[in-house]
Structure formats: structure tokens, C-alpha cells
Amino acid sequence: MRISVNDKSQRSLLEIHIVYNSELIREFFFSRRGLWHYIVTFCLVVLLLPYTAALQAILPRYYAGLPLYPALLFFSYLSLRLSLPWVLILALPAGLMLDTLQFQALGSNVFLLGACVFILSLAKPALSAVKQQYMQAIFACALATSTLLSLQLIFFAGALSLIERLALLPRYLLLAFALNALAAGPLLFAVLDLLQKPKKPRGT
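Procedures and definitions
- Residues numbered from 1 in each chain as written.
- Predicted model: local features only at pLDDT ≥ 70, side-chain atom pairs only at ≥ 80, totals over all residues.
- Heavy atoms only, no water.
- Phe/Tyr/Trp six-rings, centres within 6.5 Å; stacked < 30°, edge-to-face > 60°.
- Helix = DSSP H or I, 4+ residues; strand = E, 2+ residues; numbered from the N terminus.
- Salt bridge = Lys/Arg side-chain N within 4 Å of Asp/Glu carboxyl O.
- Buried < 20%, exposed > 50% of the residue type's maximum accessible area, 1.4 Å probe, protein only.
- Core = buried A, V, L, I, M, F, W, Y, C linked by side-chain atoms within 4.5 Å.
- Contact = heavy atoms within 4.5 Å.

Q: Got a minute to help me understand the packing of aromatic side chains in this structure?
A: Each aromatic ring pair is specified by the distance between its two centres and by the angle formed by the two planes. For the structure on display, the rule yields 3 aromatic pairs. Their ring planes at 90 degrees and their centres at 5.2 Å tell us that Tyr77 and Phe189 sit as a pair that is edge-to-face. One end of the pair, Tyr77, is in helix 3 (residues 70-81); the other, Phe189, is in helix 7 (residues 162-195), with 112 residues separating them in the sequence. Geometrically, the ring pair formed by Phe111 and Phe155 is edge-to-face, given 5.7 Å between the ring centres and 90 degrees between the ring planes. With a gap of 44 residues between them, Phe111 in helix 5 (residues 108-128) and Phe155 in helix 6 (residues 133-155) connect regions that are remote in the sequence.

Q: Honestly, the pattern of salt bridges in this entry has me stumped. Any pointers?
A: Pairing between side chains becomes possible if they bear opposite charge and their charged atoms approach one another. Under the counting rule described, the total for this entry stands at 1 salt bridge. In this structure, the salt-bridge partner of Asp193 is Arg81, at a minimum N-O distance of 3.0 Å. With Asp193 in helix 7 and Arg81 in helix 3, this residue pair connects regions lying 112 residues apart in the sequence. In this pair, the class of Asp193 matches that of Arg81, namely buried.

Q: I tried to follow the nonpolar core on my own but got confused; where do I start?
A: In a soluble, globular protein the nonpolar side chains are often hidden away together inside. Residues Phe75 and Leu78 are the most contacted members of the largest nonpolar core, which totals 43 residues. Mapped by element, the contributors of at least two residues to this core are helix 2 (35-62), helix 3, helix 4 (84-101), helix 5, helix 6 and helix 7. Once residues lying within four places of it in the same chain are set aside, the contact partners of Leu78 are Val45, Val87 and Leu90.

Have a look at this one:
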């Protein structure tokens, strides 16, 4: 499309050329990383961020020995799909919600989630290089889980001695790996990735 502004002598004073790339426009509306991706990501954040945070805060009240971390798994997924600044911003309300529901000092879970997100961002190039999606999910959730548990035992273990904290680490890690890295994490990644895939337009 060409738009021009001419004087009385029909001399061109201003010309604007607009080029439409139909292939790129179609890709934006119907590809996995286009408009559908932004809409679905926004909906997932609005719905799952408070839900997973509330679930992670409530589970220990009924299953005290169950180290399942829905909010951490959700943020592990976001860390591989969004840029670091956005995920850190989202970790703020999620962490404050966890602090409030768990009656902890404000900022505790913000620090834990932020640290896990930062560690995952450092490992993101290596994780993204893994071709199998389920293996990528396992590695990401395993790294996030080990980071969370390590930080909890180092900074939030109360009066336990260092030896007592280290003694607890293998037991918690084994069960946490089984629940988060091998079961819940890959399942959550698969479901969210499935939602990210738009329907192909008819005729393609």
C-alpha cells in the first residue's frame, strides 16, 4: 500500500509505503509463539498463579510429609517459557501469597521462588537444548526442587544444626524428586504445552 501527500502541482510531499507480509501475519495469529501464545499465557498466569500458590500453602496442613510444590512447578514452567524479568515480577505476588497463607515472614517465599527462578534462568540454555520435552521438564523440576529444598534447609531450618540439616536433605530430596520431577512436573508441563498449541486454520 502506498500513501502520498501531494501539493497543487501533484508533486509528492510525503510518501508512506506499507508492506503486508501475509505469511508473517498468518504465523502471528496461528503459530504456537504468536497471538495464541500471549493470550493463553496471560490466562494461565491469572488462573494458575493464585491456585498453585494456595495449593502449595494448604497441602502441608493435611499432608505434612508430602513435599509437593505446585507453585514451584508452575514457575519452573514459566522460567523456560518467559523472560527472567517477567517471571521475577510474577514471583512477587505468588511469594507474598504463600507467606500470608503459611503465616511466614513476608518475603520468605518471594526469596525462595526468586532464587529458584534465577537458577533456572542460568540453566535455561542447557535445558532448552534438550530435545525431548519430558526430559526437559524432569531436569527443570529436579533443579528447581533441589534448589528450593537446599535453601529451605540452609536458611529456614530453625535451630537444627548443620549435620541435622544435611541428614534431612537426602530423605526430602528423594521423595521430592519422585513427586515433583518425575510425576507432577512432567505432567504439568505436558498439559500446559498442549494448551499452548493453537488449532490449525482450515485449509492448511
